[in-house]
Amino acid sequence: MEMELLELLDDVELVCVALAADTVERQRIHWVHPLNAQRITLGEFHCLYSHLRKYPDRFFNYYRMSIKSFDELVILLRPHISETSSTFRETIVIEERLTVTLRYLVTGSRFSSLQHQFKMGRITISQIVKKTCIQLWNVLQPIEMPTPTITKWIEISNVFFEKTNFPNCIGAVDGKHIRIVSPQHSGTNYFCYKKFFSIVLMAVVDANYCFTIVDVGSYGREGDTNIFKQSTFGKQLYNNSLNLPPSTNLPNTDGPALPYVLIGDEAFGIHQHLLRPYSSRDLNYSKRIFNYRLCRARRNVECAFGILCRKFEIFYGCIAVDPDFVSIIVQAATVLHNYIRRRDGFEFEDTLNADNMLPIEPRGTASRSLVGQQVRDQFAQYFLSDAGSVPWQNNRI
């Protein structure tokens, strides 16, 4: 009888019957899984949170921020991620939501691991992390990473000169690969030169190891130059439409006035507002001194990436979510980095390397601006003069 019935059905009807049967089999057995029902008594947050607050050093190690910074962050986020309890279930409090998100960033654990620690569903944890990361960026970005004004650019430049002896510098720029799982139907777009899938974090960093501007989400196969030129900030820079201060004399000189500049590595195209080292071929004394002085100042961006990785170990591995979600996570991590850096400082050893975040391939259509080369030559001359030289530079080349 069943075989006769199946013979009467066409292919489409058979597919519908199979899907309906599968749906019946997948009906939820529990409204809340028995393990998750014990969240209040056995969940990691409810077992640890109140005890950790008694020991500030342990709290800092667990959350990667001080108790004061955590409490301030809760106050800032409360209007944006708080939810109201219903008749059927009690809402997850904001402190617990923030804890889940921070532990995801700090440990790099998969959602399937966190669900057993916090006694929540895997999808619930995914939704909490995504929503919290979005609000972290929305709330903290205007505070910790606002669009710089002319006054802010000058302030950044003054600190750069004080700490690195590089004048008129408004930031160090670089890009790093963020490992991701292979996105579906993406072809080779995300496949980078190091033979893994990635998106790119392009960042400008100040002399205090804080991110000034970030651009996240470019394909891993792209090179530094193309990514920077296609970013909003890069377009404004190359079009001379960025709100930079006017050219000014270098310290202890009467002129000529030189523009404010970013500094990058060999992958970037030289421009009047973006300096890169001289080519390693046929370096004379002046060029070697310039390269040393530029690299000494440019290391700030490498240090910032190092601090970011040591703070949030999610960047040590492969992030197993879709690229758009990864971009949200990276944005939240960079703005949290600034938030923590300005309130709680950093450990020096965190700045030493960021080997797990691989640099972008020096590939792309780099421009060769004649004006940019002239500006670089004038900086090189300044570093040889009595006004711009430092006592130890001759020993470092």
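Residues numbered from 1 in each chain as written. Predicted model: local features only at pLDDT ≥ 70, side-chain atom pairs only at ≥ 80, totals over all residues. Heavy atoms only, no water.

Caption draft 1: Structural detail: the overall build of the protein. Assigned secondary structure in the protein consists of 15 helices and five strands. Burial analysis of the protein (397 residues in total) assigns 49% to the buried set. Contacts in the protein between residues far apart in sequence, at least 24 positions, make up 70% of those at least 6 positions apart. (Helix = DSSP H or I, 4+ residues; strand = E, 2+ residues; numbered from the N terminus. Buried < 20%, exposed > 50% of the residue type's maximum accessible area, 1.4 Å probe, protein only. Contact = heavy atoms within 4.5 Å.)

Caption draft 2: The environment of Glu44, seen in detail. Summarising the element assignment, Glu44 is placed in helix H4 (residues 44–52). Sequence separation between Glu44 and Gln117 is 73 residues, and the spatial gap between their C-alpha atoms is 5.6 Å. In this structure, Glu44 is in contact with Tyr49, Tyr62, Arg103, Gln117 and Phe118, ignoring residues within four places of it in sequence.

Caption draft 3: Focus on the sheet that holds strand E5 (residues 274–275). With mixed pairing, five strands are arranged side by side in an open sheet as E3-E2-E1-E4-E5. Among the strands making up the open sheet, the edge pair consists of strand E3 (211–219) and E5. Of the strand pairs in this sheet, strand E1 (residues 169–179) and strand E4 (residues 261–263) are connected by three bridges, and their pairing is parallel. The residue bridging Gly171 from the neighbouring strand is Leu262, located in E4. (Pairing = 2+ DSSP bridges.)

Caption draft 4: Just the environment of His80, in detail. Topologically, His80 is positioned in helix H6 (residues 67–81). Accessibility expressed as a relative area gives 39% for His80, which makes it partly exposed. Along the primary structure His80 and Gln135 are separated by 55 residues, whereas in three dimensions their C-alpha atoms are 6.8 Å apart. Filtering out sequence-adjacent residues up to four positions away, His80 remains in contact with Lys131, Gln135 and Val139.

Caption draft 5: Representation of the pairing of E3 in the model. Relative to E3, strand E2 (residues 198–205) runs antiparallel, the two sharing seven bridges. Paired with Val200 across the bridge in E3 is Ser218. Between the antiparallel neighbours E2 and E3 lie five residues, among them Tyr209 with a positive phi of about 65°.

Caption draft 6: Quick look at the packing of helix H10 (residues 150–164) against helix H13 (residues 285–311). Closest axis-to-axis distance for the H10/H13 pair is 10 Å, and the angle between their directions is 115°. One finds that H10 runs roughly perpendicular with respect to H13. In the crossing of H10 with H13, the sense of the turn from one axis to the other is right-handed. Every residue of H13 that contacts H10 at Phe160, Lys163 and Thr164 is listed here: Arg296, Ala297 and Asn300. A breakdown of the residues in the contact of H10 with H13 according to their chemical character gives two nonpolar, two polar and two charged. (Axes fitted to C-alpha atoms, helices over the stretch in contact; angles between N-to-C directions. Parallel < 35°, antiparallel > 145°, perpendicular 65-115°, else oblique. Left-handed = near helix turned anticlockwise from the far one by under 90°. Nonpolar A, V, L, I, M, F, W, Y, C, P; charged D, E, K, R; others polar.)

Caption draft 7: Highlighting the side chain of Asn338. Relative to the assigned elements, Asn338 resides in helix H14 (residues 323–344). Given a relative accessible area of 0%, Asn338 falls into the buried group.

Caption draft 8: Inspection of the packing of aromatic side chains at higher detail. All chains considered together, the criterion is met by 22 aromatic pairs. Considering the side-chain rings of Phe211 and Phe305, the 6.0 Å spacing of their centres and the 50° angle between planes classify their relative orientation as tilted. Here Phe211, found in strand E3, pairs with Phe305, found in helix H13; they are 94 residues apart in sequence, far enough to count as distant. Summarising the burial analysis for this pair, Phe211 and Phe305 share the class buried. With a centroid separation of 5.3 Å and an interplanar angle of 75°, the aromatic rings of Tyr278 and Phe290 are classed as edge-to-face. Of this pair, Tyr278 sits in the loop between E5 and H13 while Phe290 sits in helix H13, and the two are twelve residues apart along the sequence. The class for Tyr278 is buried, based on a relative accessible area of 7%. Over the aromatic face of Phe196 sits the side chain of Arg179, whose NZ or CZ is 4.0 Å from the ring centroid. One residue, Arg376, lies across the ring of Tyr278, its end atom 4.1 Å from the ring centre. (Phe/Tyr/Trp six-rings, centres within 6.5 Å; stacked < 30°, edge-to-face > 60°. Lys NZ or Arg CZ within 6 Å of the ring centre and 35° of its normal.)

What is shown is where atoms sit, not what they do.
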